[in-house]
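Now for the letters of each chain:
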Amino acid sequence: MRIAKLLLITLAVSFTSSVLAAEGNIAVVDFGKAIFATEVAKNRLKQKKGESGYAALSAKYESTVADMKALKQEIDTKGMTWSTEQATEAQKKMEFLRADLELTTRKIQTDQQALQNSIVQELRPKAGEALQELIDEEGIVLLISAEAVVTAAPSLDVTAKLTDRLNKKTQ
């Protein structure tokens, strides 16, 4: 096991050394963040929030949360004086509200996921082109996904540059 770790470290050091010796830049990018920060993505999200079905789901979510808070407050203030039947009825009502909230939440999440998928499908080809242009112009020899990086200097992050370039391509 120690030999495998030593070999892995040796390979990582030699790879890093060869990359640095190539006299190119190292950069970090958050591809998803770049796509969802574009004006196209922001407009699609704003449009989705304006749709009547989505607005109705959001209103139902807010209403259910408010009903649950009100019922909890009532239970906290009056629950000690209730009969067993009243307490049982309140518990049932809370369970129904919780189930309703979970269903509404799943519907909202499904809508959001579908929207995100459509945005990615629409912008992925142009984002790929924009990223390749950025790599060529910046002389990037090693591009690392932001999800794989623990820490990096802000100067290495090219996500904002990718977003700007992608905005120009989608106008």
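Keep in mind that what you see is a predicted model, and the values were worked out from it rather than measured.

On a plain count of helices and strands, the protein chain comes out with 6 helices and 2 strands. Going from N to C terminus, the protein chain has its helices and strands arranged as α-β-α-α-α-α-β-α. Evaluated residue by residue, the protein chain yields a buried proportion of 24% over its 171 residues.

Before going further, it helps to examine the packing of helix H4 (residues 52–78) against helix H5 (residues 84–138). Think of two packed helices as two axes; the pair is described by the angle between the axes and how far apart they sit. In contact at an axis separation of 9 Å, H4 and H5 are set at 155° when each is read in the N-to-C sense. Considered as vectors, H4 and H5 are oriented roughly antiparallel to each other. The way H4 lies across H5 gives a crossing that is left-handed. When the residues that make up the contact of H4 with H5 are grouped by side-chain class, the tally is 12 nonpolar, 5 polar and 8 charged.

The next thing to look at is the pattern of salt bridges. Two side chains carrying opposite charge are able to pair once their charged atoms lie near each other. For the structure on display, the rule yields 10 salt bridges. Here Lys42 and Glu39 are joined by a salt bridge, their closest N and O atoms 3.9 Å apart. Of the two residues, Lys42 and Glu39 both sit in helix H3 (residues 39–50), 3 residues apart, roughly one turn of that helix. The class for Lys42 is partly exposed, based on a relative accessible area of 42%.

The residue Thr105 is located in helix H5 in this model. Residue classification places Thr105 among the partly exposed residues on the basis of a relative accessible area of 24%. When the C-alpha positions of Thr105 and Ser58 are compared, they lie 8.9 Å apart, and in sequence the two are 47 residues distant.

Further remarks concern H3. Look at H3: 16 Å from first C-alpha to last across 12 residues, which is about the 16 Å you get at 1.5 Å a residue. Along H3, the positions that sit buried rather than exposed are Val40, Ala41 and Lys48. Buried residues along H3 cover an arc of 95° about the axis, so they all sit on one side. Relative to its buried face, H3 has exposed residues pointing more than 90 degrees away, namely Lys46, Lys49 and Gly50. Buried residues belonging to H3 abut helix H2 (31–36), H4 and H5.

Before going further, it helps to examine the environment of Lys107. Structurally, Lys107 can be placed in helix H5. Take Lys107: its relative accessible area is 43%, and that puts it in the partly exposed class. Taking the C-alpha atoms as reference points, Lys107 and Ser58, 49 residues apart in sequence, are found 9.9 Å from one another.

Below, the discussion takes up the side chain of Asn167. Take Asn167: it is sitting in helix H6 (residues 159–169). Residue classification places Asn167 among the buried residues on the basis of a relative accessible area of 14%. Setting aside residues up to four positions removed in sequence, Asn167 forms contacts with Thr38 and Glu39.

Relative to the assigned elements, Thr38 resides in the loop between H2 and H3. The class for Thr38 is buried, based on a relative accessible area of 0%. What Thr38 contacts, discounting residues up to four positions off in sequence, is Leu123, Thr163, Leu166 and Asn167.

Definitions and cut-offs
Residues numbered from 1 in each chain as written. Predicted model: local features only at pLDDT ≥ 70, side-chain atom pairs only at ≥ 80, totals over all residues. Heavy atoms only, no water. Helix = DSSP H or I, 4+ residues; strand = E, 2+ residues; numbered from the N terminus. Buried < 20%, exposed > 50% of the residue type's maximum accessible area, 1.4 Å probe, protein only. Axes fitted to C-alpha atoms, helices over the stretch in contact; angles between N-to-C directions. Parallel < 35°, antiparallel > 145°, perpendicular 65-115°, else oblique. Left-handed = near helix turned anticlockwise from the far one by under 90°. Nonpolar A, V, L, I, M, F, W, Y, C, P; charged D, E, K, R; others polar. Salt bridge = Lys/Arg side-chain N within 4 Å of Asp/Glu carboxyl O. Expected span 1.5 Å × (residues − 1). Arc of directions from axis to C-beta. Contact = heavy atoms within 4.5 Å.

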